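Residue-level structure breakdown
If you want the building blocks of each chain, they are given just below.
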Amino acid sequence: MKPAYDLGIVGGGVHGATVALFCARAGLKTVLFERGSLCREASGVNAGTLTMQMTRVALIPYALQAHAMWASAREWLGHDVGVVVCDGLSLAFTEREAELLTFRAGKRREAGAPISIISPSEAMAVEPGLSEKVLCAGHCKVDGYANAYLTGLAFRRALLEAGVDLREQTPVSGISREEQGFGVATAQETVPVKRLVLAGGVWLEDMMAWFGLHLPIKVLINQLAVTERIRPVMRTVVGIASGLLSLKQYPHGTVVIGGGWQGVGDRKRGGVELLPENLVGNMRLACHAIPALKEARLARAWAGLEAETRDALPAAGPIPGIPDAYICGSVHSGYTSGPYIAKLLADRILEREPIDPLFPIDRLLAPQDAAQATRPLSTHPELAGADETPHSL
Amino acid sequence: MALPLVLPFDLVVIGAGPAGGAAALAASEAGLRVVLIDESAAPGGQVYRAMPAGLSHSDGALGPDERAGQALREAIAASSVTWKGGARVWSISGRYRIDTASTAGCESFEAPRLVAATGAHERIVPFPGWTLPGVIGLAGATILMKSQGMVPGRRTLVAGCGPLLAAVAAKIIAGGGEVAAIVDLSSRADWLKALPGLASRPALLKQGINWFLAIGMARVPVLFRHTIVRAEGENAVASVTASPVDGNGRLSGGPERTFEVDSLAVGHGLVPGAEIPRLLRSKLAFSAASGGWIPVRDTFGRCSVEGLYAAGDGAEIAGALPAAITGRLAGLAAARDSGALDSARFEILSEVTLAAFRKTLAFSGAARDLMRPRPAMIEDIAPDTVVCRCEDIRRSEIEAAIAAGASEVNQLKHFSRCGMGPCQGRMCGDTVAGLVALHAGSREAAGYWTGRPPLRPVPLSMLLGEFDYSDIPVPEPAPL
Ligand SMILES: Cc1cc2nc3c(=O)[nH]c(=O)nc-3n(C[C@H](O)[C@H](O)[C@H](O)COP(=O)(O)OP(=O)(O)OC[C@H]3O[C@@H](n4cnc5c(N)ncnc54)[C@H](O)[C@@H]3O)c2cc1C
């Protein structure tokens, strides 16, 4: 059977949708399968922060490119996702945080992010809403945010315009290997495709199992909160040294409070429950940074699922041993960097030499250590000068 | 300031109307340690709402609702139920931890069982001008009059459907206000059809007849089978126009009538406030007759999620007496499931209660039929009429989002911001789902908004209290 499609993509988040868009525009006959609706998981419920100051050092060059893509989304995506480019501040309230901030900003600067450490009065000039308790701040002009819930609408329009066969509400239940490619199994039919991209976010682990491969993906349950509309109380993206705060006020007046505080859930049930202590902790941190936020009322809180590999670096490249199959996802701050990394993968599929290297997953598939995938949370190796990323590109 | 301690109980009851009150009393009589939480200062819910401190009824003005409310408040005060008034539940987690916020601070409660008895909210199918100042809900008007002794305006038009129409009109007259007209979706024949059901509870029927007598005495024009087509005014409602409709609520092209008024009380029935079952991912079913999406439950109110019970109008629109009965059943079931009641005792107690329940069915069926949603009203909402008033979203914008691919209500919310405002979708949810259903094929396909905390918007200042930076348990830094 001759494949009906040049390319099949499973998973319609920002990664899958971007690969689909660029490949379809380059002339590949493309079909995208999404279990639910486009960009309604991580890619639609995230905080939309487009920041360098929370991005992993190894991803800074990618995030810078991706930031430029988001800022010009109207040109390549063709539709608005409410991107606002503004200054970003990462705050330190204690000596320890100041040290951490200075160290991390230095590393990120080396990687290309234009971050400088500024004094409280300078920070106050950038962000008049700031708390007086700030000791110092990392300042970056390349920052901003998008309106994540508009991502699905924007990509949906773009994909349809690019001629992608968009199959929403179509879960894929398995993949078979055919003579000339793959069979993508859905409840209705098995769709033959020549090449395949798995872009299933936290469900990548399940998808890789279709090939008998074990790729451990840790599931982070990130809590987010949004206030009612209030008067303008801030004009920058605000975070803290440790990275566990992300805060900005949208043009319509609501303030989104996030930073990766954890809730309850798993990849079977989704983000089912929010932990009140963690919501309160997150909101206290926010009000500590921007005191006027206390005037606001909490309108809604939710949790979304973020994928993380063992070394917290992306899974983006060919699937070892399976020609014409690719994986794309598990990108830290993946909303920011997703479009660029997905575009690199599209280049690869289109047999153009990607400008920046991909993140092949061979490193993650070793069976023994794959079993105990954990992330070092209790120590700060970077302060001790240790390199916690065993991976080299 | 450290986070509050979690206080242990056998049962948490949320909502202190007739359902929650009865559930708490039944469970505590059976020996459970019960905490009863409500955002109002005193028990009573909407139907038996107490007047705020400092206000009281004049002598002899106590109607049956006021007397029932007083009895409920006295019973709760005399019981072992722990009463937490003025407390907003903002979070429910685990099985079950309930977090509340109030001006006095935050408190947390824990119990293996939870009764959700959070009542109903009002359905107002949008029409041009419905967001003008001076337009209030029919149920809202009763609360205004009950709790504040205040009529909605000098000259009010009362519109919509169901027994509340007569109740509100009669109360306005008794309160010294003028009723410009009653605009009723139902026909005289609808009322006649409802009569035998309504007559099954003679006291209520008598009350209803008294209302109609008062309305008749005041020579209030009653426009049967009519609906409001627009409310107009510069800064507030100044006139309201009504037009005849058919049984589905579709305009039949008859002559319009305009009334000069300074207030409009309008309501098109009630929607179960099933936020807690929704939040806890309990199974729901759509039932137009019951008011909308309702929790799936057994005879005793047990939901699909272990330890959760739903009662009263929050589980299914039925009215005050059935609410008290389903509340009692849920309280008994919680006591039975905790082992506080043995099966024999449970059988006896619940049998009597169930028998009482069956006697209420004819009345609530008749009332529900009068209040039933008229589908054509949603179909006929004009393109430029605001549907989501918090976010100012018009029908045309909703249709555009549907045309752009929004296939169910959560996706529609993403596409349009509809339902993202401070009312958390309570006001527009039913209408929006109705609009999506026109394309999706059914209300089931249109779905319902995923439940999210907080149950009600809460001020951050109230939630966070006074704190130092060192009180914030900032997690370890993310990897570099
Ligand atoms: C709450 C939260 C806040 C965040 N905040 C930020 C932020 O501020 N800035 C930032 O840069 N990043 C942020 N992130 C990270 C970012 O959202 C993610 O990295 C990114 O969206 C991941 O995109 P994805 O396409 O890989 O995954 P997803 O968006 O999850 O997409 C995967 C898709 O696969 C589909 N799928 C799964 N199984 C199947 C199947 N069997 N068949 C068909 N389809 C299937 C799913 O339905 C889903 O739509 C946040 C994440 C969360 C959860």
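From a predicted model like this one, the values you see are computed outputs, not experimental measurements.

Residues and elements named next belong to chain B. A full pass over the atoms with the stated rule returns 9 cavities of 30 Å³ or more. The calculated volume of the largest cavity comes to roughly 470 Å³. Taken together, 30 residues form the lining of the largest cavity, with Glu-275, Arg-278, Gln-424, Gly-425 and Trp-449 sitting closest to its centre. A breakdown of the residues in the lining of the largest cavity according to their chemical character gives 12 nonpolar, 10 polar and 8 charged. Split by domain, the residues of the lining of the largest cavity number at least three in each of domain 1 (6-121 + 271-341) and domain 3 (381-446).

So, on to the nonpolar core. Within soluble globular proteins, side chains that are nonpolar tend to cluster in buried spots. Val-19 and Val-197 of chain A together with Val-432 of chain B are the most contacted members of the largest nonpolar core, which has 81 residues in total. Beyond its immediate stretch of four places on either side in the chain, Val-19 of chain A contacts Leu-7, Ile-9, Val-197, Cys-328, Ala-342, Leu-345, Ala-346 and Ile-349 of chain A. The next biggest cluster of nonpolar side chains, apart from the first, holds 43 residues, and it includes Phe-93, Leu-279 and Cys-287 of chain A together with Tyr-469 of chain B.

Turning our attention to the pattern of salt bridges. For the structure on display, the rule yields 39 salt bridges over all chains. Between Arg-352 of chain A and Asp-347 of chain A there is a salt bridge, and its shortest N-O distance comes to 3.5 Å. Note that Glu-39 of chain B is salt-bridged to Arg-88 of chain B, the shortest N-O span being 3.6 Å. Taken together, the residues Glu-39 of chain B in the loop between β3 (34-37) and α2 (64-78) and Arg-88 of chain B in strand β5 (residues 88-93) connect sequence positions 49 residues apart. Judged by relative accessible area, which is 35%, Glu-39 of chain B ranks as partly exposed. When salt bridges with common partners are traced through the structure, they connect Asp-165, Arg-167 and Glu-189 of chain A into a single cluster.

Residues and elements named next belong to chain A. Lining the immediate environment of the ligand, one finds 36 residues, of which His-15, Glu-34, Ser-43, Thr-49 and Thr-336 sit closest. Here a nitrogen atom of the ligand and a backbone polar atom of Ala-47 are 3.2 Å apart. Contacts to the ligand include Val-331, whose backbone N or O atom sits 3.4 Å from an oxygen atom. In the complex, the protein chains occlude 94% of the 1,000 Å² of accessible area that the ligand would expose alone. Taken together, the elements giving at least two residues each to the shell around the ligand come down to α1 (14-25), α2 (42-45), β10 (218-227), β16 (297-308) and α10 (334-349). For the shell around the ligand, a count of residues per class yields 16 nonpolar, 16 polar and 4 charged.

All names here are of chain B. According to the domain assignment, chain B consists of domain 1 (6-121 + 271-341), domain 2 (124-268) and domain 3 (381-446). One C-alpha centre belongs to domain 1, the other to domain 2, and the line joining them spans 29 Å. Contacts between the two partners involve 13 residues from domain 1, matched on the other side by 7 residues from domain 2. Linking domain 1 to domain 2 there are 1 salt bridge. Linking domain 1 with domain 2 are 1 residue pair in polar contact (both at pLDDT 80 or more), by the criterion used here. Elements supplying a minimum of two residues to the side of domain 1 that touches domain 2: α2 and α8 (320-338). With 3 residues, the single largest contributor to the side of domain 1 that touches domain 2 is α2.

Relative to the elements of secondary structure, Asp-190 of chain B occurs in helix α5 (residues 188-199). Here the side chain of Asp-190 of chain B touches Ser-187 of chain B through a polar contact of 2.9 Å, landing on its backbone nitrogen.

Residue and element names in this part refer to chain B. Here we have 3 strands laid out as an open sheet, ordered β14-β15-β16, and antiparallel in their pairing. Each having just a single partner strand, β14 (226-232) and β16 (257-260) make up the two edges of the open sheet. On average, each strand axis in the sheet is inclined to that of its neighbour by 25°, with strand direction left out of account. Where β14 and strand β15 (residues 239-244) come together, 6 bridges link them in antiparallel fashion. Each bridged residue has a counterpart across the sheet, and for Glu-232 the counterpart in β15 is Ser-239.

Calculation rules
- Residues numbered from 1 in each chain as written.
- Chains lettered and ligands numbered in written order.
- Predicted model: local features only at pLDDT ≥ 70, side-chain atom pairs only at ≥ 80, totals over all residues.
- Heavy atoms only, no water.
- 1 Å grid on protein atoms, 1.4 Å probe; cavity = no way out; pocket = protein on both sides within 12 Å on 5 of 7 lines; lining within 4 Å.
- Points joined across faces, edges and corners; volume = space filled by probe spheres on them.
- Nonpolar A, V, L, I, M, F, W, Y, C, P; charged D, E, K, R; others polar.
- Domains from an automatic or database assignment.
- Core = buried A, V, L, I, M, F, W, Y, C linked by side-chain atoms within 4.5 Å.
- Buried < 20%, exposed > 50% of the residue type's maximum accessible area, 1.4 Å probe, protein only.
- Contact = heavy atoms within 4.5 Å.
- Salt bridge = Lys/Arg side-chain N within 4 Å of Asp/Glu carboxyl O.
- Helix = DSSP H or I, 4+ residues; strand = E, 2+ residues; numbered from the N terminus.
- Near = heavy atom within 4 Å.
- Polar contact = N/O pair within 3.5 Å; in protein donor to acceptor, adjacent residues only side chain to side chain.
- Areas by Shrake-Rupley, 256 points an atom, 1.4 Å probe, with all protein chains shown as cover.
- Pairing = 2+ DSSP bridges.
- Axes fitted to C-alpha atoms, helices over the stretch in contact; angles between N-to-C directions.

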